[in-house]
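Each chain, written out:
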Amino acid sequence: MGHHLLEKVEESSLKTEVPEFEIGDTVDVHTRILEGDKERVQIFNGVVIARSGSGTRNMFTVRRIVAGEGVERKFPVHSPKIAKIEVKRSGVVRRAKLYFLRDRVGKAIRLKERRRKATD
Amino acid sequence: MAKGILGRKVGMTQIYDERGNAVPVTVIEAGPCHVLQIRTPQRDGYEAVQLGFGDRPRHRAKRSERGHVAKLSSKRARAKSATESEVASKADCEPKRFVKELRGSVEGYEVGQEIKVDDLADIKAVDVVGTSKGRGYSGVMKRHNFSGQRASHGVKKVHRHAGGTGCSAWPSRLFKGRRMPGQYGNSRVTTKNLKVVRVDADNNLLLVYGAIPGPVGGYVIVRETNKV
């Protein structure tokens, strides 16, 4: 009861063109940042290791290594502050959550590249 | 009547405002409500408007509920109308599930009038009254956020107990208001001064900032706040 009403409310906050990317993709996330009156775009590059939630609460987690330290950032897919998500390369993965990457260091974090099909 | 309406909690979600910030909102299916009765000082001793929300199928409604919203042709009603005494007017709508009165001036309201959510469009903030989720007979840790006792160091079987409740020879009794286990929840709760985020007149929806009391599907009273 009422679930369809929640969807109606969320509709207005959803992006019409949902950015396409998959778990294991290496992406550039372009984030709009307000500094005073000026708007600036910041880029966060890393591997998508998880996606969670539905509707406006759909989030994805991006992991990268900064100065030898693992850094993870969680972004809302539909936030207007996310200007663009660019897929740089795709990895071959067999699970939905890549939390095993957290225990890996150095060369072991690399994922095998997935070749896009010719039809793409 | 202070501006208000009856409704039903649909659930919580988040939307984005014009600056791109996520806003936590509770969605309330508010109205349409019918004015079922007007309370006047002359007849009832106080002023209030009685609203009804949500239809109850006629075959499920009690006769008194049906008679409250529309005229029933009964022997008594006929006898009454024959004497030409004044009969209270009826809203002439379906029987209602949720009926509540809102106190305040009754000017501009009449029985049978429909109240919709766009009446609240120019309101900044509201109070929401609901019945909180029932938690039954609860201990002090859940009910009053006590800390309980230690897991070890000689504590036996009383890990979630309150500990001491009073003093000793003086005063030889407990002071009133001592917080103890008891019924928790399932009581009337008012959340005050919630910002109105959006009014969706097409779908009869009202979006308020933050949480409101009660379970999803619970009935609530929404009225203009006296704060601000």
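If you're wondering where the values come from, they're calculated on a predicted model, not measured in any experiment.

*Asks:* Just checking my understanding: could you explain the overall build of chain B for this structure?
*Replies:* Each helix and strand counted, chain B has four helices and twelve strands in total. Taken over the C-alpha trace, chain B has a radius of gyration of 24 Å; the compact-globule value for 228 residues is 17 Å, which it surpasses by more than 25%. Judged by the C-alpha coordinates and their principal axes, chain B covers about 80 × 55 × 35 Å. In chain B, which comprises 228 residues, the share counted as buried stands at 35%. When the accessible surface of chain B is summed, it comes to about 14000 Å², and 46% of that surface belongs to carbon and sulfur atoms. Looking at chain B, you have 42 positive and 22 negative side-chain charges, and the mean spots of the two groups are 17 Å apart.

*Asks:* Would you take a moment to explain the sheet that holds strand β2 (residues 38–52) of chain A for this structure?
*Replies:* The strands making up a sheet associate through hydrogen bonds between their backbones, and the pairing can be parallel or antiparallel. Residue and element names in this part refer to chain A. The sheet built from five strands is open, its strands ordered β4-β3-β2-β1-β5 with antiparallel pairing. Two strands lie at the open edges of the sheet, namely β4 (69–76) and β5 (82–89), each paired on one side alone. Strand-to-strand, the axes of this sheet are offset by a mean angle of 40°, without reference to chain direction. In the sheet, strand β1 (residues 26–35) pairs with β2 via ten bridges, with the strands oriented antiparallel. Its bridge partner lying in β2, Thr-31 is registered against Gln-42.

*Asks:* Is there a simple way to explain the domain arrangement of chain B in this structure?
*Replies:* Size of an interface, as often reported, equals the accessible area lost when the parts are brought together. Segmentation of chain B into domains returns domain 1 (4–135 + 188–224) and domain 2 (136–184). The gap between the C-alpha centroids of domain 1 of chain B and domain 2 of chain B is 41 Å.

*Asks:* Would you mind going over the confidence of the model for chain B with me for this structure?
*Replies:* When the pLDDT values of chain B are averaged, the result is 88; 97% of them are 70 or greater. In the predicted complex, the global pTM is 0.82; the interface-specific ipTM is 0.77.

*Asks:* Any chance you could explain the pairing of strand β11 (residues 205–209) of chain B here in plain terms?
*Replies:* Taken residue by residue, a regular strand's side chains alternate between the two faces of the sheet. Residue and element names in this part refer to chain B. In terms of burial, β11 is largely enclosed, as four of its five residues are buried. Where strand β2 (residues 22–30) lies against β11, five bridges are found, and the strand directions are antiparallel. The residue bridging Val-25 from the neighbouring strand is Tyr-209, located in β11. In sequence, strand β10 (residues 188–200) turns back onto β11 through a hairpin of four residues, with Asn-204 there showing a positive phi of about 55°.

*Asks:* How should I be thinking about the interface of chain B and chain A in this particular structure?
*Replies:* Of the residues lining the interface, 19 residues belong to chain B; the matching set on chain A comes to 17 residues. Both sides together, the interface formed by chain B and chain A hides about 1400 Å², and carbon and sulfur atoms give 64% of it. Here chain B and chain A share seven residue pairs in polar contact (both at pLDDT 80 or more) between them. Among the elements of the structure, β1 (4–16), β2 and β11 of chain B are those that each provide at least two residues to the side of chain B that touches chain A. Per element, the largest residue contribution to the side of chain B that touches chain A is eight residues, and it comes from β1 of chain B. Residues belonging to the side of chain B that touches chain A are distributed by class as follows: eight nonpolar, seven polar and four charged.

*Asks:* Looking at this model, I keep getting lost on the environment of Gly-104 of chain B. Mind explaining?
*Replies:* All names here are of chain B. Relative to the helices and strands, Gly-104 is located in the loop between β5 (96–103) and β6 (114–115). According to the relative accessible area criterion, Gly-104 is partly exposed, its value standing at 26%. Spatially, the C-alpha atoms of Gly-104 and Gly-148 are 46 Å apart, while their sequence positions differ by 44 residues.

*Asks:* Looking at this structure, how should I read the sheet that holds β10 of chain B?
*Replies:* Overall, antiparallel pairing links the six strands, which are arranged β1-β2-β11-β10-β7-β12 (chain B) in a closed barrel. Each strand of the sheet is rotated relative to its neighbour by a mean of 50°, with strand direction disregarded. Two strands pair when backbone bridges link them, and β1 of chain B and strand β12 (residues 219–224) of chain B are joined in this way by five bridges, in the antiparallel orientation. Among the inter-strand pairings, Arg-8 of chain B is bridged to a residue of β12 of chain B, identified as Tyr-219 of chain B. Relative to β1 of chain B, helix α1 (residues 3–11) of chain A is tilted by about 55°, and along the sheet it contacts β1, β2, β10 and β11 of chain B.

*Asks:* Can you walk me through the pattern of salt bridges in this structure?
*Replies:* If the charged atoms of two oppositely charged side chains come close together, the side chains can form a pair. All names here are of chain A. A full pass over the atoms with the stated rule returns 15 salt bridges over all chains. With its nearest N and O atoms 3.8 Å apart, the salt bridge here joins Arg-32 to Glu-39. A single salt-bridge network, built from bridges that share partners, covers Asp-28, Lys-84, Glu-86 and Lys-88.

*Asks:* Just to check I follow, could you spell out the packing of aromatic side chains for this structure?
*Replies:* Within a pair of aromatic rings, the relevant descriptors are the distance that separates the centres and the angle that separates the planes. The tally for this structure, following the rule as stated, stands at six aromatic pairs over all chains. A network of ring pairs unites the aromatic residues Phe-21, Phe-44, Phe-60 and Phe-75 of chain A as a single cluster. The residue whose ring lies beneath Arg-64 of chain A is Phe-44 of chain A, and the NZ or CZ to ring-centre distance is 6.0 Å. The positively charged end of Arg-135 of chain B is found above the aromatic ring belonging to Tyr-184 of chain B, 4.9 Å away from the centroid.

What counts, and where the lines are drawn
Residues numbered from 1 in each chain as written. Chains lettered and ligands numbered in written order. Predicted model: local features only at pLDDT ≥ 70, side-chain atom pairs only at ≥ 80, totals over all residues. Heavy atoms only, no water. Helix = DSSP H or I, 4+ residues; strand = E, 2+ residues; numbered from the N terminus. Rg over C-alpha atoms; globule rule 2.2 N^0.38 Å. Buried < 20%, exposed > 50% of the residue type's maximum accessible area, 1.4 Å probe, protein only. Areas by Shrake-Rupley, 256 points an atom, 1.4 Å probe, with all protein chains shown as cover. Lys, Arg positive; Asp, Glu negative; His and termini not counted. Charge placed at Lys NZ, Arg CZ, Asp CG, Glu CD. Pairing = 2+ DSSP bridges. Axes fitted to C-alpha atoms, helices over the stretch in contact; angles between N-to-C directions. Domains from an automatic or database assignment. pLDDT = per-residue confidence, 0-100. Contact = heavy atoms within 4.5 Å. Buried area = accessible area lost by both parts, 1.4 Å probe. Polar contact = N/O pair within 3.5 Å; in protein donor to acceptor, adjacent residues only side chain to side chain. Nonpolar A, V, L, I, M, F, W, Y, C, P; charged D, E, K, R; others polar. Salt bridge = Lys/Arg side-chain N within 4 Å of Asp/Glu carboxyl O. Phe/Tyr/Trp six-rings, centres within 6.5 Å; stacked < 30°, edge-to-face > 60°. Lys NZ or Arg CZ within 6 Å of the ring centre and 35° of its normal.

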